[in-house]
Amino acid sequence: MLWYKAWMETRLRLLMLICVIIFVLFQVYSHGDSKLRGPALLNALEFMWVLSPLTLAGSGIRPESPFRMVKGIQGSMYFTLSLPVSRLRLLAVRSATGILEIAALVVAAFCLAAAALPAVRAQITAADGLRYAVTILLCSTAGFGVSTLLATFLDQQWQGFGSMFVVFSGRWLFTKFGAQPSALDFFRAMGTASPLVTHALPWTAIGLSVAIGAACLMAAVKVEHVRQY
Amino acid sequence: MNDFAIETSGLKKSFGGRPALDGLDLRVPAGSVFGFLGRNGAGKTTTIKLLMGMLRADGGAARIFGMDAGDPARNIEARRRIGFVTEDKELYPFMTVDRVIRFTRPFFPKWREDLERRYLKMFDLPPGKKVSDLSKGMRSKLMLLLALCRGAELLILDEPTDGLDPAAVEDVLRELVAIAASNGTTIFFSSHQLAEVDQIADSICIIDKGRAIVSGVLDDLKAQYQRLQVVLQNELPSTVRWVEGVEHVRQDGRIVSILASHNLDAIAGQIESLPGATMERFPVGLKEIFLEHVRSDENALV
C-alpha cells in the first residue's frame, strides 16, 4: 500500500512531465526533420531529463501534495510514522516509485516519438534509442539523489527550489570549469553529447552520476534514521 | 505478559535547550483506561511522540509492552499492536475515506472489519468523500475509526474527542470503555476535557513542566484528596510549617483553604492546634486536583 500512496502523491507530477514531453515532441514535429539532432532540441531534452528526477523525488515521510495549499497535508506525516513500517522502507518505496516513473517517462517519450514522428523511426536506430534510454535513467540518478536527500529535511516547496539550485549550479560548474566537452558531464550526456549523437554509452558520466546518486541516497537513509519529527 | 503497557523512567527531552520532559516517570497498567493530563506545553504530545518513535529521548527510558520504544526495530514491532490518533487529526488529503481505510488495513493483521462497518455507520462517514473535504470533526472520527479497527492491544489517543460534537463525544467515550472492557485493550489518552477523563479513566497522570506531579488510580486519588476549609480566629501565622500531605494552601483573610493529598489525620491535628480554628472537610474532584496542581496562584502559601 505504500506504493499506492507514493503513486497518489506523484501521479499529477508525472502527468505534468508527460505534457512537457508532448510539448517538446510537438516542437520537433512543427520544425521538421532537420531539427531532430539540432542543439536546441537536444538542450530541451537535457533540461527535461534534468527536471524530471527533481520533480519525482521525495522522502516518503514528509508530506507531499501536488498543490501546497491542500488542507491537512502537513500533519499527515505523523499518521505515516505511526504505521508499523521502517523509515528505510518508506524512503525505499518512495524512491523506487520515482525511479520507475522516470523509466516510464523515458519509455513514454520513445513510444510517443516513434509513433508520432516518422523522422524518429527513420533516423534513430533501436540500438541508439536503447542507449539513450539507459543513459537518461542512469544520468538522472544524481539529480534524483540530491532531490531525495533534500526532501528528508526540507519542506516540499524548498526541496524543489533547493534541488534545482544544487543541480543547475552543478551544471554551471561543468560548463565553467570542466574540460569541454567533459566525459564526466552527465548533463550533456542527456543532451548534446547523448548516444543519439555519439552512438555510444557515456560510461564515465554514467559512473559519476550513479556515484553521486548513490551517495545522496545513502545520506538520505542516514538522515531519516536520526531525523526527529 | 507485562504488568504495564507503557513505562517510562526519568524520560528527558529538550528542544533548543528548553526541557519539554524533565525526568518523566509514568506507569500505565495493562488493561487500564489511563488519562494523561496537563496544560498546553506540559509535555503530553512530546511523551506520545517519544513512545511512537517519532522523537528520540535525551535521557531515561520508555518502554511499550516491555520493549524499548527508542529502538527503531522494537518500536515497529510495538506499533503493530498500537492504535494511534494524532493531535492534529490530519490524514492524506488526496485519498477518499474508503481509500484511506483500504490503505491502512493491510498494515494491521488483526484489522476488525466488523468494527470498520460499525464505525462507518455510527460516525456517518461518507466513503467516497475526499479527506481534504472533511470537517475537522469528521477527520477526528475517521482517525478514530482507523485507530480502533486495528485490533490493537494499546490505543494511544492524543486529544481523541477534539473537534467532535457532544453526541459524538458520548459515542466515542462509550466505545472506548466497551473496547477496554471487552478486549482488555489499554487506552492511554491525553485530553483537556477533564469531565471526559473523569467519566472513563480509571487511572490518571497529571504532568506539568515535563514531570509527573500526580499519578494513580482515579478513585483512590479522589478518596485521598480532600479540601479542608479552615476559619481562624486570627491571621495564619507566617511561621506555620505544614506537615506532609499538604499540597496547596490559600488564604483569604481568616479563611484558609487547604488541599491535602494524604496524611489527613496529622493535618487535621495541626489545624486543631491553631487557636480558635474550625475546620470543614470537602471531597475533591478531578478538576480541582488538576487545577490546584497546575495553576499558578499568587495567593498560594504552599
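So, here's what we can say about the structure. Nothing here was measured: the structure is a model prediction, and the numbers come from that model.

## A word on the overall build of chain B
Here's step 1: Broken down by element type, chain B carries 10 helices and 14 strands.
Here's step 2: In terms of overall dimensions, chain B has C-alpha extents of about 70 × 40 × 35 Å along its principal axes.
Here's step 3: The buried share of chain B, taken over its 302 residues, is 52%.
Here's step 4: In chain B, once contacts between residues fewer than 6 apart in sequence are set aside, the share between residues at least 24 apart is 68%.
Here's step 5: Of the roughly 13,300 Å² of accessible surface on chain B, 46% is carried by carbon and sulfur atoms.
Here's step 6: In chain B, which carries 39 positive and 42 negative side-chain charges, the distance between the mean positions of the two groups comes to 6 Å.

## Focus on helix α8 (residues 156-177) of chain A
Residues and elements named next belong to chain A.
Here's step 1: The end-to-end C-alpha separation of α8 is 31 Å, in line with the 32 Å expected for 22 residues at 1.5 Å each.
Here's step 2: If you check which residues of α8 are buried, you get Gln156, Gln159, Gly162, Ser163, Val167, Arg171 and Phe174. Burial along α8 is one-sided: seen end-on, the buried residues are contained in an arc of 165°. Away from its buried face by more than 90 degrees, α8 exposes Phe161, Phe165, Lys176 and Phe177.
Here's step 3: Looking at the buried positions of α8, the neighbouring elements they touch are α1 (2-31), α2 (39-56), α7 (141-151) and α10 (203-226).

## Thoughts on the interface of chain B and chain A
Here's step 1: Each side of the interface is counted separately: chain B has 33 residues, and chain A has 29 residues.
Here's step 2: Interface area for chain B against chain A, summed over the two sides, is near 2,800 Å², with a carbon-plus-sulfur share of 64%.
Here's step 3: At the surface where chain B touches chain A, the tally comes to 0 salt bridges.
Here's step 4: Scanning the region where chain B abuts chain A turns up 11 residue pairs in polar contact (both at pLDDT 80 or more).
Here's step 5: Taken together, the elements giving at least two residues each to the side of chain B that touches chain A come down to α2 (72-79), α3 (97-104) and α5 (136-148) of chain B.
Here's step 6: Considering each element in turn, the side of chain B that touches chain A owes the most residues, 4 residues, to α3 of chain B.
Here's step 7: Classifying every residue of the side of chain B that touches chain A gives 18 nonpolar, 4 polar and 11 charged.

## Overview of empty space enclosed by the protein
Over the atoms rolls a probe the size of a water molecule, and its path tells where empty space is left.
Residues and elements named next belong to chain A.
Here's step 1: Summed over all chains, the structure comprises 6 cavities of 30 Å³ or more.
Here's step 2: Estimated volume of the largest cavity: approximately 240 Å³.
Here's step 3: Lining the largest cavity we find 17 residues, and of these Leu25, Leu45, Ala109, Ala113 and Tyr132 sit closest to its centre.
Here's step 4: When grouped by side-chain class, the residues that make up the lining of the largest cavity number 17 nonpolar, no polar and no charged.

## Some details on a nonpolar patch on the surface
Residues and elements named next belong to chain A.
Here's step 1: Nonpolar side chains collect at one region of the surface, where Phe47, Met164 and Phe168 lie side by side and expose about 260 Å² of accessible area between them.
Here's step 2: Following the sequence through the fold, Phe168 ends up in helix α8.
Here's step 3: Looking at Phe168, the relative accessible area reads 30%, which means it is partly exposed.

## Here's the deal with the packing of α1 of chain A against α2 of chain A
Residue and element names in this part refer to chain A.
Here's step 1: Viewed as axis vectors pointing N to C, α1 and α2 meet at an angle of 180°, and their least axial separation amounts to 11 Å. The angle between the axes of α1 and α2 places the two elements in the roughly antiparallel class. For the pair formed by α1 and α2, the contact residues are Thr10, Arg13, Leu14, Met16, Leu17, Val20, Ile21, Val24 and Val28 on the first element and Leu41, Leu45, Met48, Trp49, Ser52, Thr55 and Leu56 on the second.
Here's step 2: Residue classes in the contact of α1 with α2 are distributed as 12 nonpolar, 3 polar and 1 charged.

## Remarks on the sheet that holds strand β3 (residues 33-38) of chain B
Within a sheet, neighbouring strands are paired by backbone hydrogen bonds and run either parallel or antiparallel to one another.
Residue and element names in this part refer to chain B.
Here's step 1: A sheet is described by the order of its strands in space; here 6 strands give the open sequence β6-β7-β8-β3-β9-β10, paired in mixed fashion. Of all strands in the sheet, those bounded by a partner on one side alone are β6 (82-85) and β10 (211-217). Within the sheet, the average angular offset between the axes of one strand and its neighbour, ignoring direction, is 15°.
Here's step 2: Judged from the 5 bridges that link them, β3 and strand β9 (residues 203-208) form a sheet pairing that is parallel. Following the sheet pairing, Phe34 is matched in β9 by Ser203.
Here's step 3: α5 contacts β6 and β7 (154-158) of the sheet and is inclined by roughly 170° relative to β6.

## Re the pairing of strand β8 (residues 186-190) of chain B
All names here are of chain B.
Here's step 1: In terms of burial, β8 is largely enclosed, as 5 of its 5 residues are buried.
Here's step 2: Alternating residues of β8 divide into Thr186, Phe188 and Ser190 and Ile187 and Phe189, and every residue in both groups is buried.
Here's step 3: Alignment of β3 against β8, held across 4 bridges, turns out to be parallel. The residue bridging Val33 from the neighbouring strand is Ile187, located in β8.
Here's step 4: Two strands pair when backbone bridges link them, and β7 and β8 are joined in this way by 5 bridges, in the parallel orientation.

## Re the pattern of salt bridges
All names here are of chain B.
Here's step 1: Scanning the model with the defined rule gives 18 salt bridges over all chains in all.
Here's step 2: Between Arg27 and Glu7 there is a salt bridge, with its nearest N and O atoms 3.4 Å apart. Of this pair, Arg27 sits in strand β2 (residues 18-29) while Glu7 sits in strand β1 (residues 4-15), and the two are 20 residues apart along the sequence.
Here's step 3: With relative accessibility at 49%, the residue Arg27 sits in the partly exposed group.
Here's step 4: Between Asp58 and Lys13 there is a salt bridge; the shortest N-O distance is 3.7 Å. In this pair, Asp58 is assigned in the loop between α1 (44-51) and β4 (59-64) and Lys13 in strand β1, connecting sequence segments 45 residues apart.
Here's step 5: With a relative accessible area of 4%, Lys13 lands in the buried category.
Here's step 6: Taken together, the salt bridges that share partners define one network made up of Arg227, Arg250, Glu288 and Glu292.

About the thresholds
Residues numbered from 1 in each chain as written. Chains lettered and ligands numbered in written order. Predicted model: local features only at pLDDT ≥ 70, side-chain atom pairs only at ≥ 80, totals over all residues. Heavy atoms only, no water. Helix = DSSP H or I, 4+ residues; strand = E, 2+ residues; numbered from the N terminus. Buried < 20%, exposed > 50% of the residue type's maximum accessible area, 1.4 Å probe, protein only. Contact = heavy atoms within 4.5 Å. Areas by Shrake-Rupley, 256 points an atom, 1.4 Å probe, with all protein chains shown as cover. Lys, Arg positive; Asp, Glu negative; His and termini not counted. Charge placed at Lys NZ, Arg CZ, Asp CG, Glu CD. Expected span 1.5 Å × (residues − 1). Arc of directions from axis to C-beta. Buried area = accessible area lost by both parts, 1.4 Å probe. Salt bridge = Lys/Arg side-chain N within 4 Å of Asp/Glu carboxyl O. Polar contact = N/O pair within 3.5 Å; in protein donor to acceptor, adjacent residues only side chain to side chain. Nonpolar A, V, L, I, M, F, W, Y, C, P; charged D, E, K, R; others polar. 1 Å grid on protein atoms, 1.4 Å probe; cavity = no way out; pocket = protein on both sides within 12 Å on 5 of 7 lines; lining within 4 Å. Points joined across faces, edges and corners; volume = space filled by probe spheres on them. Patch = residues over 30% accessible without salt bridge, like charges linked within 9 Å, V, L, I, M, F, W, Y side chains within 5 Å. Axes fitted to C-alpha atoms, helices over the stretch in contact; angles between N-to-C directions. Parallel < 35°, antiparallel > 145°, perpendicular 65-115°, else oblique. Pairing = 2+ DSSP bridges.

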